[in-house]
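Architecture and fold: a report
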Amino acid sequence: MKKLILIAAAALCASTVNAAELSYVSAGAIKSLKLEVPAPVPWTGAVKCGHVSGEITKLHLLAQAAKSQIFSYAENEAQFNEFKAMWQPILEKFGMKIVSAEYKNNYGVLKYESPDGRVVRAFMGEKLHYNALDAADVKKVQHELLEPLEQAGMTPIASFTIKNEIFRPTFNIYYLTKPEENMDREIQLRQLMNGEDIDFDLVKDAVRTVKQDASFSLVYIGRELGFKTKLAADEAGINAKLADYRKFLTENKKDFVAARTFKLDAPIEFSGGKLNYAVNIYFFQ
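A short tour of the structure in this document, coming up.

Rules used in this analysis
- Residues numbered from 1 in each chain as written.
- Predicted model: local features only at pLDDT ≥ 70, side-chain atom pairs only at ≥ 80, totals over all residues.
- Heavy atoms only, no water.
- Pairing = 2+ DSSP bridges.
- Helix = DSSP H or I, 4+ residues; strand = E, 2+ residues; numbered from the N terminus.
- Axes fitted to C-alpha atoms, helices over the stretch in contact; angles between N-to-C directions.
- Contact = heavy atoms within 4.5 Å.
- Salt bridge = Lys/Arg side-chain N within 4 Å of Asp/Glu carboxyl O.
- Buried < 20%, exposed > 50% of the residue type's maximum accessible area, 1.4 Å probe, protein only.

Brief notes about the pairing of strand β4 (residues 97–104)
Here seven bridges tie β4 to strand β5 (residues 107–113), and the two strands are oriented antiparallel to one another. Paired with I98 across the bridge in β5 is Y112.

Notes on the sheet that holds strand β6 (residues 119–124)
Within the open sheet, the four strands sit side by side as β1-β7-β8-β6. Their pairing is mixed. In this open sheet, the two edge strands, each paired with only one partner strand, are β1 (52–56) and β6. On average, adjacent strands in this sheet sit at an angle of 20° to one another, irrespective of strand direction. The strands touched by helix α4 (residues 135–151) within the sheet are β6, β7 (156–162) and β8 (170–177), with β8 carrying the most contacts at an inclination of about 5°.

Focus: the sheet that holds strand β2 (residues 64–66)
Within a sheet, each strand pairs with its neighbour through backbone hydrogen bonds, oriented either parallel or antiparallel. The sheet built from four strands is open, its strands ordered β2-β3-β5-β4 with antiparallel pairing. The outermost strands of the open sheet, each flanked by one partner alone, are β2 and β4. The mean inter-strand angle of the sheet, taken between neighbouring strand axes irrespective of direction, is 20°. The sheet contacts of helix α3 (residues 77–93) involve β3 (69–73), β4 and β5, and relative to β5 the element is tilted by about 20°.

A few points about the pattern of salt bridges
In total, this model carries 13 salt bridges according to the counting rule given. Across the pair E55 and K163 runs a salt bridge whose closest N-O atoms are separated by 3.5 Å. One end of the pair, E55, is in strand β1; the other, K163, is in the loop between β7 and β8, with 108 residues separating them in the sequence. A relative accessible area of 49% means that K163 is categorised as partly exposed.

What follows is the structure in structure tokens.
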């Protein structure tokens, strides 16, 4: 049930919350509240941005990000106040001003303005490949993602290890980027993982590679990558499939990135014959 609630919270990203504006806790009042997080694990890497770190065990403190706001599911207003007490100082530390705090129908939202127009976005590490029982390995992967963000000018503002029964031990990262009307076109920290091996060489010039997490998993900085495989009986047929799909992408205002055509090691047999060729197609959403 709790996981379904988080999925519902993510769906809220599509629109802003139109509840009446509520009063919010002042910065001074928040600083008087104690946010109990353990001291961060020492790190000798090159990240110097001063992001907030610690551990999250309560789901209502796990912020989602969309547009110029962060939000969370909270069972009551007391939980939302705890969410505000944690997140308002983090936003203000990085120059953002809270313009409203809203709680309605078990959702709490903090809307903000930033001096340079950048917005907060979040990346969840749960689908990455690491030893979840080894805290040092989790921390290692976490920092492998933080440094490239800073190098790309996408300031990390917070990164937490997450320990809750609905997740395997994991981490998340909150960082700043420039907004786009279509979030698929924002430059974000993302993961491409579609169950098939990735042609890393085909996308390396289109996005900034952060980590080749597995043969079928790529962590990158860039626009949202899409992937499609088409099959055909012969070489002429697969070339036609590629041409048709490129036309489809153009008609739907998606940008073609690259493609690779190849002959299958073994044909795929079906009632109408055999499929001998395939093409992997990469594009921006």
